[in-house]
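Remarks on the overall topology
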Amino acid sequence: MDSYPITQEHIEAYQEDGALCLRGVFSSAEVGVLQEAVEVELQNPGRYTKEFTKPGEARFVGAIFVSSYNKAIREVLINSALGEIAGRLMGARQTRFFFDHMLVKEPGASKPTPWHQDAPYFAMDGLDCCGIWIALDAVSLDTGAVEYLKGTHKDGCMYAPRSFAAGQKYGHGLQEVPNIDANRDKYEIASWNMAPGDCSIHHVRTLHGAPGNVTNSRRRGLATRWIGDDAVFGLRSGIPDDMTMAFEDLAPNLRPGDSFDHPMFPLVWEQE
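Attention in this report is confined to the structure presented alongside it. Keep in mind it's a predicted model, so treat the numbers as computed, not measured.

1. A look at the nonpolar core
- Residues Phe-65, Phe-247 and Phe-260 are the most contacted members of the largest nonpolar core, which totals 41 residues.
- At the level of elements, β1 (19-22), β3 (60-64), β4 (94-105), β7 (129-135), β12 (219-227) and α5 (241-250) are the ones that each hand at least two residues to this core.
- Filtering out sequence-adjacent residues up to four positions away, Phe-260 remains in contact with Arg-96, Phe-98, Ala-123, Met-124, Ile-227, Ala-231, Val-232, Phe-233, Phe-247, Leu-254 and Phe-265.
- Counting residues in each nonpolar core, the second largest holds 38 residues, with Leu-22, Leu-77, Val-104 and Leu-136 among its members.

2. So, the pairing of strand β10 (residues 199-203)
- In terms of residue burial, β10 counts as a mostly covered element, since 5 of its 5 residues are buried.
- Because side chains alternate across β10, one face comprises the buried residues Cys-199, Ile-201 and His-203, and the other comprises Ser-200 and His-202, equally buried.
- Where β1 meets β10, 4 bridges bridge the pair, whose relative direction is antiparallel. Paired with Leu-20 across the strands is Ile-201, a residue of β10.
- Where β7 meets β10, 5 bridges bridge the pair, whose relative direction is antiparallel. Looking at the pairing, Cys-130 lines up with His-203 of β10.

3. Quick look at the sheet that holds strand β5 (residues 113-116)
- The strand order β5-β11-β8-β9 describes an open sheet built from 4 strands, whose pairing is antiparallel. Of all the strands in the sheet, the pair left with one neighbour each is β5 and β9 (189-190).
- The sheet contact formed by strand β8 (residues 147-149) and β9 spans 2 bridges and is antiparallel. From the neighbouring strand, Leu-149 faces β9, where its bridge partner is Ile-189.

4. As for the side chain of Thr-206
- As for its position among the elements, Thr-206 is in the loop between β10 and β11 (208-210).
- The class for Thr-206 is buried, based on a relative accessible area of 0%.
- Beyond its immediate sequence surroundings of up to four residues, Thr-206 is in contact with Gly-18, His-116, Gln-117, Tyr-148, Leu-149, Thr-152 and His-153.

5. Observations concerning the side chain of Arg-205
- Position of Arg-205 among the secondary structure elements: in the loop between β10 and β11.
- No salt bridge is formed by the buried Arg-205; its nearest oppositely charged neighbour, Asp-155, is found at 6.5 Å.

6. With respect to the packing of helix α2 (residues 28-43) against helix α3 (residues 71-78)
- Closest axis-to-axis distance for the α2/α3 pair is 9 Å, and the angle between their directions is 145°. Here α2 and α3 pass one another in a crossing that is left-handed. Within the contact between the two elements, α2 uses Glu-30, Val-33, Leu-34 and Ala-37 and α3 uses Ala-72, Ile-73 and Val-76.
- Partitioning the contact of α2 with α3 into residue classes produces 6 nonpolar, no polar and 1 charged.

7. Structural notes on the environment of Phe-98
- With respect to the element layout, Phe-98 can be found in strand β4.
- The class for Phe-98 is buried, based on a relative accessible area of 1%.
- When the C-alpha positions of Phe-98 and Met-264 are compared, they lie 7.8 Å apart, and in sequence the two are 166 residues distant.
- In contact with Phe-98, other than residues within four places in its own chain, are Phe-65, Phe-122, Ala-123, Met-124, Arg-225, Trp-226, Ile-227, Phe-247, Phe-260, Met-264 and Phe-265.

8. Structural notes on α2
- End to end, α2 covers 23 Å across 16 residues, agreeing with the expected 22 Å (1.5 Å per residue, within 8%).
- Every buried residue of α2 is accounted for by Glu-30, Val-31, Leu-34, Ala-37, Val-38, Glu-41 and Leu-42. Buried residues of α2, viewed axially, fall in a sector of 140°; they line one side. Turned more than 90 degrees from where α2 packs its buried face, Ser-28, Ala-29, Glu-36 and Gln-43 sit exposed.
- Among the structural elements, β2 (49-51), β3, α3, β4, β7 and β12 are those in contact with the buried residues of α2.

9. What about the packing of aromatic side chains?
- In the structure shown here, the tally under the stated rule is 19 aromatic pairs.
- A ring pair is formed by Phe-97 and Trp-226, whose centres lie 5.0 Å apart and whose planes are at 55°; its orientation type is tilted. Here Trp-226 lies in strand β12 and Phe-97 lies in strand β4, a separation of 129 residues in the sequence.
- Through successive ring pairs, a cluster of aromatic residues spans Tyr-48, Phe-65, Phe-98, Phe-99, Phe-122, Phe-233, Phe-247, Phe-260 and Phe-265.
- Lys-105 extends its terminal NZ or CZ atom over the ring of Phe-60, reaching a point 4.8 Å from the ring centre.

The rules behind these values
Residues numbered from 1 in each chain as written. Predicted model: local features only at pLDDT ≥ 70, side-chain atom pairs only at ≥ 80, totals over all residues. Heavy atoms only, no water. Core = buried A, V, L, I, M, F, W, Y, C linked by side-chain atoms within 4.5 Å. Buried < 20%, exposed > 50% of the residue type's maximum accessible area, 1.4 Å probe, protein only. Helix = DSSP H or I, 4+ residues; strand = E, 2+ residues; numbered from the N terminus. Contact = heavy atoms within 4.5 Å. Pairing = 2+ DSSP bridges. Lys, Arg positive; Asp, Glu negative; His and termini not counted. Salt bridge = Lys/Arg side-chain N within 4 Å of Asp/Glu carboxyl O. Axes fitted to C-alpha atoms, helices over the stretch in contact; angles between N-to-C directions. Left-handed = near helix turned anticlockwise from the far one by under 90°. Nonpolar A, V, L, I, M, F, W, Y, C, P; charged D, E, K, R; others polar. Expected span 1.5 Å × (residues − 1). Arc of directions from axis to C-beta. Phe/Tyr/Trp six-rings, centres within 6.5 Å; stacked < 30°, edge-to-face > 60°. Lys NZ or Arg CZ within 6 Å of the ring centre and 35° of its normal.

Written out as C-alpha cells, the structure reads:
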C-alpha cells in the first residue's frame, strides 16, 4: 500500500473544519487508469448509473460501486494511500473501503450539485466515515469545484437528502438543508483549485455542494468513501434506490446494526 505524509495540521483541519485538500496523492499513471475507467463507464453505463440531466443537455452523470465490476479501479483504490489517510484523519483503529461514486460534469453541464450531507444518502450508521474526492481533471469553481461549509459536521444535524436530478426531497422527518446560496456570507466556505491527482476530503456530515460546469473543459471526479470503527450497516427513509439496490446485489445478507466485515468492504489499513 502507498503512503502519504499526514501531519497534525491535516488532522486538526479535518477534525475542526470537516474538510481539507491534499496535493499529489495520485501519480499521473494512476490518474490515467482512473480516467480510463470513467470513460468505460460513460460509454457503457452500469446498473448503478444515474443521468442527472435531460437528453440533449450536457451530461452530468453519476455511478456508484463502479469498483464492484471494474477491477482496475478497485485495485488502484485499495492499494492507494487513501485508507491510511482516512484512518489517520478519523483517528480510527482501522479503515475499510466502503464504495466509490463517479461524478462527471461535461463541458456546459450547468446543473449544480445541491448542498447536502453524505450521511443521509448512505446505508450506514455512525460517524467514522469520510469522503475523499479525487480530481481527474484540473478543477476550479468554473468547472464545478466542490465547496464545503466548515464546521457543519459538528452541528449534530442530519439533513433531508435530495435528488441531484430533480431536487425532490427523499427523506422524511429530517431537517431541511438551509438556503445556503441566499446567505453565503453567514458561512465559512472552503474550496480549492485542484490538479489531477489532488484530493479533497470531508467528514460524512459536512455540508457541501458544487456549482455547474460553465466552461469548455470536463470535470471528472471520483468520490471514494472510507469507514472506520463505529460504522455499521443501517437503513432509513431517504436512502436512494440505487444505494439500496447495490447492497441487495452485493451484500444481501447484511442487516441493520451489522458490521461491514464483508468481502465487499475490505480492511485496508490498521493502526500499528
